[in-house]
Amino acid sequence: MDIKIEKSWQEALQEEFEKVYFKQLQKNIEGTYKTENIFPPQDLIFNALNLCPLPNLKVVILGQDPYHGPNQAHGLSFSVSDDVKIPPSLRNIYKELNSDLGLPIPTSGNLEHWAKQGVLLLNATLTVRASEAGSHQGLGWETFTDEIIKTISNQRENVVFLLWGKFAQAKAELVDSNKHLILTAPHPSPFSAYTGFFGCKHFSKTNEHLVKNGAKPITW
């Protein structure tokens, strides 16, 4: 597993890369890519970090693990590659965007344009075996991504954390709520979106917070 990460993250996480658990994780993941069908492509494992340098970061949207279907995952939570059918959760995110800000429903599920504006689209687990959701949980990724969340909390100010669903909400304990805004809602999955995700207005609330603190709003 080649660790090609944008410079600010490389510096911020350098100590983490030297820890025993990460070296073992690296070895395990390298092995699986040689023998199994793993998503996302190996050169996109750290795509979320590479597209959103730490000094530019304004918003964190936390997912659980990558999509496990062909050509879907490209290293950004909730996002899919161009020309891939928009998954149900992302479709509901777009519906809420439309309701909240009046934006038209996009035809592409690629969220790179969010990432490049400072939205960290981070999955707690960064790889997955094809057709097996959650198959790389417990290998060490969660320890690494928890450290990313702590680093953001410690080194940045006035970041908006959008925590959708119980799994993401459990990560709130890693964030200093005196320095950052934490917004929670049910997961946008079709199973739970109607229990409070729809109508949460997280996109307008995020931009209000950013503008209030002197930052440029996100063009969702």
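Note that this is a predicted model, so its numbers are computed, not measured.

Novice: Go over empty space enclosed by the protein with me, naming the residues and quoting the values.
Specialist: What the rule picks out here adds up to one cavity of 30 Å³ or more. Roughly 40 Å³ of volume is contained in the largest cavity. What lines the largest cavity is Ile45, Phe46, Asn47, Ala48, Leu49, Gly75, Leu122, Leu126 and Ile148. The leading source of residues in the lining of the largest cavity is helix H4 (residues 47-51), at three residues. Of the residues belonging to the lining of the largest cavity, the class tally is seven nonpolar, two polar and no charged.

Novice: If you had to explain the packing of aromatic side chains to someone new, which residues and values would you point to?
Specialist: Counted according to the given criterion, the structure contains 15 aromatic pairs. Pairing Tyr21 with Phe22 gives two aromatic rings, centres 6.2 Å apart and planes at 90°, and the pair type is edge-to-face. A relative accessible area of 21% places Tyr21 in the partly exposed class. Ring centres of Tyr194 and Phe198 lie 4.8 Å apart, and the angle between their planes is 70°; this geometry places the pair in the edge-to-face category.

Novice: Which residues make up the environment of Asp176, and what values go with them?
Specialist: Relative to the helices and strands, Asp176 is located in the loop between helix H8 (166-169) and strand E6 (181-185). The sequence separation of Asp176 and Thr143 amounts to 33 residues, and the corresponding C-alpha distance is 18 Å. At 2.9 Å, the side chain of Asp176 forms a polar contact with the backbone nitrogen of Asn178.

Each value, and the rule that gives it
- Residues numbered from 1 in each chain as written.
- Predicted model: local features only at pLDDT ≥ 70, side-chain atom pairs only at ≥ 80, totals over all residues.
- Heavy atoms only, no water.
- 1 Å grid on protein atoms, 1.4 Å probe; cavity = no way out; pocket = protein on both sides within 12 Å on 5 of 7 lines; lining within 4 Å.
- Points joined across faces, edges and corners; volume = space filled by probe spheres on them.
- Helix = DSSP H or I, 4+ residues; strand = E, 2+ residues; numbered from the N terminus.
- Nonpolar A, V, L, I, M, F, W, Y, C, P; charged D, E, K, R; others polar.
- Phe/Tyr/Trp six-rings, centres within 6.5 Å; stacked < 30°, edge-to-face > 60°.
- Buried < 20%, exposed > 50% of the residue type's maximum accessible area, 1.4 Å probe, protein only.
- Polar contact = N/O pair within 3.5 Å; in protein donor to acceptor, adjacent residues only side chain to side chain.

Any link to function would need more than the numbers given here.
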